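Coordinates in review
What follows is the residue order along each chain.
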Amino acid sequence: MKKNWPLWEVFVRSKNGLEHRHFGSLHAADAEMALENARDVYTRRNEGVSIWVVESKNITASNPEHNGELFEPAQDKVYRHPTFYDLPDEVKHM
Amino acid sequence: MSEEQIKNLEAQFEARIARDEKIEPKDWMPEKYRQTHIRQMSQHAHSEIIGMLPEGNWITRAPSLRRKVALLAKVQDEGGHGLYLYSACETLGISREELYEQLHTGKAKYSSIFNYPTITWADIGAIGWLVDGAAIINQVPLCSTSFGPYARAMVRVCKEESFHQRQGFEIMLKLAEGDPKQKEMAQDALNRWWWPALMMLGPTDDKSVHTAQSMKWKLKRKTNDELRQQFIDQTVPQAELIGLTIPDPDLKWNEEKKGYDFGPIDWDEFWQVVKGHGPCNKQRLNARVSAWENGQWVRDAAMAHAEKQELKSNNKAV
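Read on for an overview of the structure. Quantities reported herein were computed from a predicted structural model and do not represent experimental measurements.

**With respect to the overall build of chain B**
In terms of helices and strands, chain B carries 13 helices and two strands. Whereas a compact globule of 318 residues would reach a radius of gyration of roughly 20 Å, chain B reaches 22 Å, a difference of no more than 12%. Referenced to the eigenvectors of the C-alpha coordinate spread, the extents of chain B come out at roughly 75 × 55 × 35 Å. A buried classification covers 50% of the 318 residues belonging to chain B. Counting only carbon and sulfur atoms, one obtains 56% of the accessible surface of chain B, whose full area is about 15,800 Å².

Here is the structure:
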């Protein structure tokens, strides 16, 4: 039998109040082992209080080749930013 | 893609790196960039896990509990560093299996320093102080290299590595302060590790084939000779501080260049070790291959268990 352990992505919350952030990846036979390995590899020095693991194949990623059509339309929409609007100087804190 | 289109993409790519932009795994990259990165990152990963072997040799014989927990933690870190680097390498589309295969068949290299034996406890001190010291000098500039996953892995590695050198220096310091026999042990370790540590920073610039390209891609920010000079200048005063003598009769401060002049390095020895004729090449590779092969049934069993569990939970869901 020859079947390799799948790849998992590891996300760690460094402390409560912060989001989980991508820390890296590892191979493990199942989710439980992935979690245990993530704990040993990525949190040896108090780096986290919570870990997520997700099998890499379940992540759908955008393709950098499509970055133009995906992200460029936002560039000419300055009206989405507060500085687009002209207000008299007397108005403070808005 | 036509040749001209590729040229165009390459020009854009080089410009991005020149602007200090990072390259991420799914971005277009020249095939040579991919191959060079796979080669360097995997060599680096292999060095981390082979590097566990000479030190692992002393875990059970560490002279105190304090030394033992520190050495255990250090060796565990090295396993972790290997994993960070293998993962970064895998983002370029090569599998872990292939990477191991390259190591086990001798197709891929690892740092030749790990082919030297650890004969006494002082060798553990010398490795931390000199080998990790040289590694840090090599690695710090890599934290800002152009390939995102490599740079991120190196940030973590460097953060963890700083204790490694300190624990090694502390071992040397204590031995040097000890009785004459202990001091002699420390000096003997320094004598044996000094030259291999200098060689570890790579062939001289005129013999280094990859330097120019690697500098351009920020895989290298300083040349081998610059790194070696930096290492020597930083290490000599540390040896003086603990009363040990660097085993180089030609070593002399050069006021003009504000650095040390040093004697000739035995590059024949270096190439012999690289080619597989060092004192421990066979031993290291055998240990690695047998650990991998003898672990096969464990990996298979874990996989079989995982599949069975999944089947069970699927059946329950129906």
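**Some details on a nonpolar patch on the surface**
All names here are of chain A. Where nonpolar side chains cluster on the molecular surface, the patch consists of Val78, Tyr79, Phe84 and Tyr85 and spans about 410 Å² of accessible area. Structurally, phenylalanine 84 can be placed in the segment after α2 (67-71). Note on phenylalanine 84: relative accessible area 41%, which makes it partly exposed.

**Examining helix α5 (residues 96-104) of chain B**
Buried within α5 of chain B we find Arg96, Leu99, Tyr100, Gln102, Leu103 and His104 of chain B. Among the structural elements, β2 (20-27) of chain A together with α2 (31-50), α4 (65-90) and α12 (281-294) of chain B are those in contact with the buried residues of α5 of chain B. Looking at the residues trailing α5 of chain B, positive phi occurs at glycine 106 of chain B, about 85°.

**Overview of empty space enclosed by the protein**
All names here are of chain B. The full count for this structure, using the stated rule, is one cavity of 30 Å³ or more. A volume near 40 Å³ is recorded for the largest cavity. Forming the boundary of the largest cavity are Ser112, Ile113, Tyr116, Pro196, Met199, Met200, Phe270 and Val273. At the level of secondary structure, the elements contributing two or more residues to the lining of the largest cavity comprise α8 (180-200) and α11 (267-277). The leading source of residues in the lining of the largest cavity is α8, at three residues.

**Details of the sheet that holds strand β3 (residues 50-55) of chain A**
Residues and elements named next belong to chain A. Strands sit in the order β2-β1-β3 across an open sheet of three strands; the sheet is antiparallel. Only two strands of the sheet have a single partner each, and these edge strands are β2 and β3. Pairwise comparison of adjacent strand axes, ignoring direction, gives a mean angle of 25° for this sheet. Pairing geometry for strand β1 (residues 7-13) and β3, over six bridges, is antiparallel. Bridging across to β3, valine 10 finds its partner in valine 53.

**Structural notes on the environment of alanine 153 of chain B**
All names here are of chain B. Assignment of secondary structure puts alanine 153 in helix α7 (residues 148-177). For the pair alanine 153 and alanine 287, spaced 134 residues apart in sequence, the C-alpha separation works out to 26 Å. Once you skip the residues sitting within four places of it in the chain, alanine 153 turns out to touch Tyr84 and Leu85.

**Some details on the interface of chain B and chain A**
Contact with chain B, which involves 23 residues of that partner, is made by 23 residues of chain A. Summing the contributions of chain B and of chain A, the shared interface buries around 2,000 Å²; its carbon and sulfur component is 51%. By the criterion of area lost to chain A, the three top residues of chain B are Lys26, Arg156 and Met303 of chain B, representing 25% of everything that side buries. In this structure, the connection of chain B to chain A is made through five salt bridges. Between aspartate 77 of chain B and arginine 44 of chain A there is a salt bridge, with its nearest N and O atoms 2.7 Å apart. Our count for the chain B to chain A interface comes out at nine residue pairs in polar contact (both at pLDDT 80 or more).

**Focus: the packing of aromatic side chains**
Both the distance between ring centres and the angle between the ring planes are used here to describe each pair of aromatic rings. All names here are of chain B. One pass over the structure, following the stated rule, counts 17 aromatic pairs over all chains. Here phenylalanine 13 and tryptophan 28 contribute two aromatic rings whose centre-to-centre distance is 6.2 Å and whose plane-to-plane angle is 85°, an arrangement assigned as edge-to-face. Taken together, the positions of phenylalanine 13 in helix α1 (residues 3-18) and tryptophan 28 in the loop between α1 and α2 put the pair 15 residues apart, joining distant regions of the chain. Residue classification places phenylalanine 13 among the buried positions, given a relative accessible area of 2%. Measuring from ring centre to ring centre gives 5.0 Å for tryptophan 253 and tyrosine 260, while their planes differ by 75°; the resulting arrangement is edge-to-face. Put simply, the rings of Phe13, Trp28, Tyr33, Phe147 and Trp217 pair up and form one aromatic cluster. Above the face of the tyrosine 100 ring, arginine 288 is positioned so that its terminal group lies 4.7 Å from the ring centre. Here the guanidinium or amino end of arginine 299 rests over the ring plane of tryptophan 292, the centre of that ring lying 3.4 Å away.

**What to know about unusual backbone geometry**
Residue and element names in this part refer to chain B. Unusually for a residue other than glycine, lysine 218 sits at a positive phi of about 65°. Following the sequence through the fold, lysine 218 ends up in the loop between α9 (211-216) and α10 (224-241). Using a relative accessible area of 11% as the deciding quantity, one classes lysine 218 as buried. Of note, lysine 258 is a non-glycine position whose phi angle comes to about 55°, a positive value. If you trace the backbone, lysine 258 turns up in the loop between β1 (252-254) and β2 (259-261). According to the relative accessible area criterion, lysine 258 is exposed, its value standing at 52%.

**Considering the pairing of β1 of chain A**
The buried fraction of β1 of chain A is high, at five of seven residues. Between β1 of chain A and β2 of chain A, which pair antiparallel and follow one another directly, the connecting turn spans six residues, one of which, glycine 17 of chain A, has a positive phi of 105°.

Scoring rules and cut-offs
- Residues numbered from 1 in each chain as written.
- Chains lettered and ligands numbered in written order.
- Predicted model: local features only at pLDDT ≥ 70, side-chain atom pairs only at ≥ 80, totals over all residues.
- Heavy atoms only, no water.
- Helix = DSSP H or I, 4+ residues; strand = E, 2+ residues; numbered from the N terminus.
- Rg over C-alpha atoms; globule rule 2.2 N^0.38 Å.
- Buried < 20%, exposed > 50% of the residue type's maximum accessible area, 1.4 Å probe, protein only.
- Areas by Shrake-Rupley, 256 points an atom, 1.4 Å probe, with all protein chains shown as cover.
- Patch = residues over 30% accessible without salt bridge, like charges linked within 9 Å, V, L, I, M, F, W, Y side chains within 5 Å.
- Salt bridge = Lys/Arg side-chain N within 4 Å of Asp/Glu carboxyl O.
- Contact = heavy atoms within 4.5 Å.
- 1 Å grid on protein atoms, 1.4 Å probe; cavity = no way out; pocket = protein on both sides within 12 Å on 5 of 7 lines; lining within 4 Å.
- Points joined across faces, edges and corners; volume = space filled by probe spheres on them.
- Pairing = 2+ DSSP bridges.
- Axes fitted to C-alpha atoms, helices over the stretch in contact; angles between N-to-C directions.
- Buried area = accessible area lost by both parts, 1.4 Å probe.
- Polar contact = N/O pair within 3.5 Å; in protein donor to acceptor, adjacent residues only side chain to side chain.
- Phe/Tyr/Trp six-rings, centres within 6.5 Å; stacked < 30°, edge-to-face > 60°.
- Lys NZ or Arg CZ within 6 Å of the ring centre and 35° of its normal.

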